[in-house]
Amino acid sequence: MLTIPNIERIVVCDDDILGGMPVFVGTRVPVQTLLDYLEGGQPLDEFLDDFPSVRREQAIVLLKGLKQDILTEKEEISPRLKSTAMRKQNGP
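Below: a short report on this structure.

How each quantity is defined
- Residues numbered from 1 in each chain as written.
- Predicted model: local features only at pLDDT ≥ 70, side-chain atom pairs only at ≥ 80, totals over all residues.
- Heavy atoms only, no water.
- Helix = DSSP H or I, 4+ residues; strand = E, 2+ residues; numbered from the N terminus.
- Salt bridge = Lys/Arg side-chain N within 4 Å of Asp/Glu carboxyl O.
- Buried < 20%, exposed > 50% of the residue type's maximum accessible area, 1.4 Å probe, protein only.

What follows is about unusual backbone geometry. Unlike most non-glycine residues, Leu 18 shows phi in positive territory, near 50 degrees. Within the secondary structure layout, Leu 18 lies in the loop between strand E1 (11-12) and strand E2 (23-24).

Evaluated as defined, the whole model comprises 2 salt bridges. Note that Arg 56 and Asp 45 form a salt bridge whose closest N and O atoms lie 2.0 Å from each other. With Arg 56 in helix H3 (residues 56-90) and Asp 45 in helix H2 (residues 44-50), the pair connects residues that are 11 residues apart, well separated along the chain. With relative accessibility at 43%, the residue Arg 56 sits in the partly exposed group. Taking the shortest distance from any N to any O, the salt bridge between Glu 57 and Arg 55 comes out at 3.8 Å. For Glu 57, a relative accessible area of 52% puts it in the exposed group.

Don't take any of this as a statement about function, it's just geometry.
Structure follows, in structure tokens:
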């Protein structure tokens, strides 16, 4: 679950904009596009150059929020993952 403060200032899901796909506020640029760029090894600056309607602040706040959410989830699920790994090591 995303816990990014003021997410509504960064991302919007509106059925009238790309069928409700999450896009950066004030744009028609899907959040997925940023993630695809980063996954493909392109730097943030290249994404921002290619999509000038997205503000650097929007991208940074989103990425920091996703990072925080992942780290929070890691803390919550880490004991379960360790437990699962131990069971696999020790057999059934």
